[in-house]
Amino acid sequence: MKIVICGKGGSGKSTISALLSKAMANKGYRVLVIDSDESNFGLHRQLGMELPEDLMNYFGGKKVILERMRASFQNVDAKSGPPKIEIFDKMWTLNDIPDEYTTEKNGIMLLAVGKIHEFGEGCACAMGVLSTGMLEHLETDDKEVVIVDTDAGVEHFGRGVEHGCDIILVVVDPTFESLMLSKKIEELAGTIKKPVYFILNKVDDESRQVMLASVDRNGIAGIIPANNDVFRACLAGEELDLRLAEINDLANLLGGEKREK
Ligand SMILES: Nc1ncnc2c1ncn2[C@@H]1O[C@H](COP(=O)(O)OP(=O)(O)OP(=O)(O)O)[C@@H](O)[C@H]1O
Ligand SMILES: [Mg+2]
């Protein structure tokens, strides 16, 4: 199962990715977390791990991928849309991922596609190309879960990153922008016929009804309350070493099991 976690900036994508990964690992799944957000340096801390070396370096680094992209764009006429850029020459299982590009803890493997490291190094297109290829070329078995933490917004949909996933989870926080974005994502996911579910996050008594009125109830896979322990751990940059019943329910749902009372 390959799950993409997306949503508005700051809605809680990385927090939900980390908590859900831990809950899935606790259920005995082998979990691969793909950090595909080139701009954010917090997910590995939430998982209590070191940030691994960029997977991009395995393929020769950003310049090499940008060069491949440039070559692919030659001989393409403007009307035919963007060309397909092949980075992977075969399918990968989780075992094929080179150890030097992952960190591992308690049944969770973390991989970072690529980060922006230097001023003026160029755009994040190469990261998008690699994320798209990675998801399309990863094979998982029944006891493996891939959780992809994405960058904010919908640029990754424009790049086609979601092509290779099985499920899209949209994290929605109590803001108008987030509620609007959730509709756009539902529309985009619909065009590629991917199942899309919503995780209402940071929900409190005041926001609950407004959020429930705006999001299709049948599509809600979880309602995560605003939680002070989560907030404090995030502020301190600490590992999210807490178990939430609502996240456990979500893990059960994704695993096809009954919800726990
Ligand atoms: N359930 C929650 N309860 C309380 N606070 C939360 C909760 N979920 C997330 N937060 C707060 O929201 C902040 C942003 O969360 P997070 O970094 O996971 O968002 P994000 O969507 O990944 O952001 P970005 O778009 O920058 O990657 C956290 O630092 C934390 O303070
Ligand atoms: Mg994030």
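First things first, this report covers the structure right here in the doc. (Residues numbered from 1 in each chain as written. Chains lettered and ligands numbered in written order. Predicted model: local features only at pLDDT ≥ 70, side-chain atom pairs only at ≥ 80, totals over all residues. Heavy atoms only, no water.)

**Focus: the pairing of strand β2 (residues 30–35)**
Note the following rule: The buried label applies to any residue whose accessible area, calculated with a 1.4 Å probe on protein chains only, is under 20% of its type's maximum; exposed applies above 50%, and partly exposed to all values in between. Secondary structure elements are defined from DSSP: runs of H or I of at least 4 residues count as helices, runs of E of at least 2 residues count as strands, and each element is numbered from the N terminus. Strand pairing is assigned whenever DSSP identifies at least 2 bridges connecting the two strands.
Counting buried residues in β2 gives five out of six residues, a clear majority hidden from the surface. The pairing of β2 with strand β5 (residues 144–149) spans six bridges and is parallel. If you follow L32 over to β5, its bridge partner there is V146. Pairing of β2 with strand β4 (residues 108–112) involves five bridges; the strand directions are parallel. Residue pairing for β4: V31 is matched across the bridge by I108.

**Some thoughts on the packing of helix α1 (residues 13–26) against helix α9 (residues 245–254)**
Inclusion rule: Between N-to-C directions, angles cover 0 to 180 degrees, with each direction set by a line fitted to C-alpha atoms, over the stretch in contact for helices. The crossing is said to be left-handed when, going from far helix to near helix, the turn is anticlockwise and less than a right angle, and right-handed when the turn is clockwise. Any two residues whose heavy atoms approach within 4.5 Å at even a single point are treated as in contact.
Two elements in contact, α1 and α9, have axes separated by 9 Å at closest approach and are oriented at 65 degrees. Judged by the twist between their axes, the crossing of α1 over α9 is right-handed. Contact with α1, carried on its side by I16, L19, L20, A23 and M24, involves I247, L250, A251 and L254 of α9 and no other residues of that element.

**Some details on the pattern of salt bridges**
Test applied: Salt bridges are defined as contacts in which a side-chain nitrogen from Lys or Arg sits within 4 Å of a carboxyl oxygen from Asp or Glu.
The full count for this structure, using the stated rule, is eight salt bridges. A salt bridge links E239 to K22; its shortest N-O distance comes to 2.5 Å. With E239 in the loop between α8 (228–236) and α9 and K22 in helix α1, this pair connects stretches of sequence that are 217 residues apart. Look at E239 and you get partly exposed, because its relative accessible area is 24%. Across the pair E67 and R70 runs a salt bridge, and its minimum N-O distance is 3.3 Å. In this pair, E67 and R70 both sit in helix α3 (residues 62–73), three residues apart, roughly one turn of the helix.

**Remarks on the packing of aromatic side chains**
One pair of aromatic rings is described through two measures. These are the centre distance and the angle between the planes. Under the convention used in this document: Each pair of aromatic rings taken from Phe, Tyr and Trp, with Trp reduced to its six-membered ring, is defined by centres within 6.5 Å and is described as stacked if the planes are under 30 degrees apart, edge-to-face if over 60, and tilted in the remaining cases.
Applying the stated rule across the entire model yields six aromatic pairs. Ring plane angle 90 degrees and centroid distance 5.0 Å describe the contact between Y58 and F59, whose orientation is recorded as edge-to-face. The exposure class assigned to F59 is buried, which follows from its relative accessible area of 13%. Their ring planes at 20 degrees and their centres at 6.0 Å tell us that F59 and W92 sit as a pair that is stacked. One end of the pair, F59, is in the loop between α2 (43–46) and α3; the other, W92, is in the loop between α3 and β3 (102–105), and 33 residues separate them in sequence. Overall, W92 belongs to the buried group, its relative accessible area being 5%.

**Concerning the site of ligand 1**
In plain terms, the rule: A single heavy atom is enough: if one lies within 4 Å of a molecule or strand, its residue is considered near that molecule or strand. Any pair of N or O atoms that falls within 3.5 Å is considered a polar contact. Within protein, one atom must be able to donate a hydrogen and the other to accept it, and sequence-neighbouring residues count only if both atoms are side-chain atoms. The Shrake-Rupley method, run with a 1.4 Å probe, gives the accessible areas here. Residue values count only the displayed protein chains as cover. Residues are sorted three ways: Asp, Glu, Lys and Arg are charged, Ala, Val, Leu, Ile, Met, Phe, Trp, Tyr, Cys and Pro are nonpolar, and all the rest, Gly among them, are polar.
Near ligand 1, the surroundings consist of 20 residues, among which K13, S14, T15, N201 and N227 are the closest. Here N227 contributes a backbone N or O atom positioned 2.8 Å from a nitrogen atom of ligand 1. Its free accessible area being 640 Å², ligand 1 has 81% of it covered by the protein chains. Elements represented by at least two residues in the shell around ligand 1 include exactly α1, β7 (196–203), β8 (220–225) and α8. Residues of the shell around ligand 1, tallied by class, amount to seven nonpolar, nine polar and four charged.

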